[in-house]
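Residues per chain, in single letters:
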Amino acid sequence: MSWLRLSFLVLASLFLLLLALSGLLLFSASGNALLWQQAQRMVPGLQGELVSGQLATGWVFRNVRFRSTIIDVDARAIDLRWQLGGVFTGRIPVELLRVEGARVNLHIPDDFSSEEEPADASVVDTAPFRLRLPIGLDVRALQIEDTVFTCPQVTVKTDGLQGALRWKGEIMTVEQLTTRHVDVALADAVLADDPPASHTSS
């Protein structure tokens, strides 16, 4: 029976080790710092400072930066609060996503044109890129302060934006959206377009 007792001791030791590692990742500052370092290694172009928080309840970041061929993002601060236990339901319930001082610059590929006819005339798809989440996301409180969104045709500035959103697969639904002091500026090339060619009436 010694082999049975030995097997039990090994399994118990592995279980205790797993609990210790889980506690390290979920609740310790060093464990969460390690997770953030790994995330930056896995996502090229991602940088930032993890100020506080835990994997189980959320994080606070400062000076976050993301660079890619499609989009550049800078944020002075990001406060993310969630309940990790909701993952077992198939969706992540985010209690709060607060972004301050964000600068978002969208790059439209040179070979992208919304005027091109799709292969199937019944399907119109002009999205320059797609992002599919492996798990559902429910953001109950979305707060965006002092943000500038820029693309080649337009620049949008807002002092504040509040709402909620749901994200499932490739579909993001924004709910209860309110804004405060929004400025929209069109690029010179858009303003210089021929008016008869850009306006229709019905």
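Residues numbered from 1 in each chain as written. Predicted model: local features only at pLDDT ≥ 70, side-chain atom pairs only at ≥ 80, totals over all residues. Heavy atoms only, no water.

**Concerning the packing of aromatic side chains**
Heads up, the rule is: The aromatic pairing rule takes the rings of Phe, Tyr and Trp, using the six-membered ring of Trp, and pairs them if the centres are within 6.5 Å, calling planes under 30 degrees apart stacked, those over 60 edge-to-face and the rest tilted. The buried label applies to any residue whose accessible area, calculated with a 1.4 Å probe on protein chains only, is under 20% of its type's maximum; exposed applies above 50%, and partly exposed to all values in between.
Taken as a whole and judged by the stated rule, the model has three aromatic pairs. Their ring planes at 65 degrees and their centres at 6.0 Å tell us that Trp 59 and Phe 61 sit as a pair that is edge-to-face. With relative accessibility at 8%, the residue Phe 61 sits in the buried group. Put simply, the rings of Trp 36, Trp 59, Phe 61 and Trp 82 pair up and form one aromatic cluster.

**Comments concerning the environment of Ala 187**
The cut-off we apply is this: Numbered from the N terminus, helices here are DSSP runs of H or I no shorter than four residues, and strands are runs of E no shorter than two. Pairs of residues are marked as contacts when any of their non-hydrogen atoms sit within 4.5 Å.
Take Ala 187: it is sitting in the loop between β8 (171-186) and α3 (188-191). Note: C-alpha distance between Ala 187 and Pro 152 (35 residues apart in sequence) is 7.1 Å. Setting aside its immediate chain neighbours within four residues, Ala 187 contacts Pro 152 and Gln 153.

**Observations regarding the pairing of strand β3 (residues 71-82)**
Let me state the cut-off plainly: At least two DSSP bridges between two strands are needed for those strands to be called paired.
Two elements, strand β2 (residues 58-67) and β3, share nine bridges in a ladder whose sense is antiparallel. Bridge pairing links Gly 58 to Arg 81 in β3. Note: β3 against strand β5 (residues 103-106), four bridges, orientation antiparallel. Paired with Val 73 across the bridge in β5 is Val 104. As paired strands, β3 and strand β4 (residues 91-100) are joined by six bridges and run antiparallel to one another. Paired with Arg 81 across the two strands is Leu 96, which belongs to β4.

**Regarding unusual backbone geometry**
Within the chain, Asn 63 stands out as a residue other than glycine whose phi angle is a positive 50 degrees. One can find Asn 63 in strand β2. The phi dihedral of Gln 176 is positive, around 50 degrees, even though this residue is not glycine. Here Gln 176 falls in the exposed class, since its relative accessible area comes to 66%.

**Let's talk about helix α2 (residues 29-42)**
In plain terms, the rule: Each helix should span, by expectation, one fewer than its residue count multiplied by 1.5 Å. Throughout, the arc means the angular range of directions from the helix axis out to the C-beta atoms.
Taking 1.5 Å of rise per residue, the 14 residues of α2 would be expected to cover 20 Å, and the 20 Å separating its terminal C-alpha atoms lies within 8% of that figure. Among the residues making up α2, those that are buried are Gly 31, Asn 32 and Trp 36. Taken end-on, α2 shows its buried residues confined to a sector of 140 degrees, consistent with a single buried face. Residues of α2 that are exposed and point over 90 degrees away from its buried face: Ser 30 and Arg 41.

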